[in-house]
Amino acid sequence: MRAVDTNILVRWLTRDDPAQIPIADRVMAEPVFVAHTVLLELAWVLGGRTYRLDRARLVVALRALIDTKTVYIADEEAVRWAIERFAAGGDIADMLHLTSLHGCSAFVSFEHRLQERAGPQAPLRIEQPA
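Predicted model, so just to flag it, every value in this text is computed and none were measured.

Chemist: Honestly, the overall build of the chain in this entry has me stumped. Any pointers?
Modeler: Helix and strand counts for the chain come out as 7 helices and 5 strands. Order of helices (α) and strands (β) in the chain, N terminus to C terminus: β-α-α-β-α-α-β-α-α-β-α-β. In summary, the chain has a C-alpha radius of gyration of 16 Å against a globular reference of 14 Å for 130 residues, a match within 12%. Structurally, the chain occupies a C-alpha span of about 55 × 30 × 20 Å along its principal axes. Counting over 130 residues, the chain shows a buried share of 40%. Taking all contacts inside the chain whose residues are at least 6 apart in sequence as the whole, residues at least 24 apart take part in 53%. Summing over all exposed atoms, the chain offers an accessible surface of approximately 7500 Å²; the carbon and sulfur share of this is 54%.

Below, the structure is given as structure tokens:
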């Protein structure tokens, strides 16, 4: 299995480059691995200055990606949790951070609303430093 970069996913999802669309389609037709860092970059790119996807459209795109039969993501259920918390108002980066901290006892952050945004099912205790 090959891992894909963000630029492959952007072409495949946005269909905005006629020369690269068929190449991205061929890549995505085979099993591919999407790293959490690539997923995060994808969210930033699609929500950024060029594509300007709002939260709702970004959630649709992320769900469509992870629902694709050829796409594999480590800790898929945790990533689905992160996307749902993002849909509910959380920051996608913070939510993905919380899903990737295996073996840690807590996530320490100055973000005052992080616990609220992560919700009661957060995979890790969230602490604010004193």
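Chemist: I would appreciate a short explanation of helix 5 (residues 76-87) in the present structure.
Modeler: Three- or four-residue spacings in an α-helix give side chains the same orientation, since the helix completes a turn every 3.6 residues. Over its 12 residues, helix 5 extends 16 Å from the first C-alpha to the last, a length consistent with the 16 Å expected when each residue adds 1.5 Å. Taken together, the buried positions of helix 5 are Val-79, Trp-81, Ala-82, Ile-83 and Phe-86. Buried residues in helix 5 make contact with helix 3 (36-47), helix 4 (55-66), helix 6 (92-99) and helix 7 (114-118). Backbone geometry just downstream of helix 5 places Gly-89 in the positive-phi region, at approximately 120°.

Chemist: Could you clarify how one ought to interpret the sheet that holds strand 1 (residues 2-3) in this entry?
Modeler: Through backbone hydrogen bonds, the strands of a sheet pair up, either in parallel or in antiparallel fashion. Spatial ordering of the open sheet is given by 1-2-3, a layout of 3 strands whose pairing is parallel. Looking along the sheet, the strands with just one partner apiece sit at the ends: strand 1 and strand 3 (71-72). Bridge count between strand 1 and strand 2 (residues 32-33): 2 bridges; the pairing is parallel. Counted as the bridge partner of Arg-2 is Val-32 from strand 2.

Chemist: Honestly, the pattern of salt bridges in this entry has me stumped. Any pointers?
Modeler: A pair can form between side chains of opposite charge whenever their charged atoms are brought close. Throughout the structure, instances matching the rule amount to 9 salt bridges. Two residues, Glu-77 and Arg-80, come together in a salt bridge whose shortest N-O distance is 4.0 Å. With Glu-77 and Arg-80 both in helix 5, this residue pair falls 3 residues apart, about one helical turn. On the basis of relative accessible area, Glu-77 is assigned to the exposed category, the value being 59%. The partner of Glu-111 in a salt bridge is Arg-117, and the shortest N-O contact between them spans 3.5 Å. The partly exposed category is assigned to Glu-111, whose relative accessible area is 32%. One network of salt bridges, with partners in common, ties together Asp-67, Glu-76, Glu-77 and Arg-80.

Chemist: I would appreciate a short explanation of the nonpolar core in the present structure.
Modeler: As a rule of thumb, nonpolar side chains are buried together in soluble globular proteins. Judged by nonpolar contacts, the single largest core of 40 residues is most densely connected at Leu-9, Met-28, Val-34, Leu-62, Leu-65 and Leu-98. Broken down by secondary-structure element, the contributors of at least two residues to this core are helix 1 (6-14), helix 2 (21-29), helix 3, helix 4, helix 5, helix 6 and helix 7. With residues up to four places along the chain from it excluded, the contact list for Val-34 reads Val-4, Leu-9, Leu-39, Val-71, Tyr-72 and Ile-73.

Reading the values: rules and limits
Residues numbered from 1 in each chain as written. Predicted model: local features only at pLDDT ≥ 70, side-chain atom pairs only at ≥ 80, totals over all residues. Heavy atoms only, no water. Helix = DSSP H or I, 4+ residues; strand = E, 2+ residues; numbered from the N terminus. Rg over C-alpha atoms; globule rule 2.2 N^0.38 Å. Buried < 20%, exposed > 50% of the residue type's maximum accessible area, 1.4 Å probe, protein only. Contact = heavy atoms within 4.5 Å. Areas by Shrake-Rupley, 256 points an atom, 1.4 Å probe, with all protein chains shown as cover. Expected span 1.5 Å × (residues − 1). Pairing = 2+ DSSP bridges. Salt bridge = Lys/Arg side-chain N within 4 Å of Asp/Glu carboxyl O. Core = buried A, V, L, I, M, F, W, Y, C linked by side-chain atoms within 4.5 Å.

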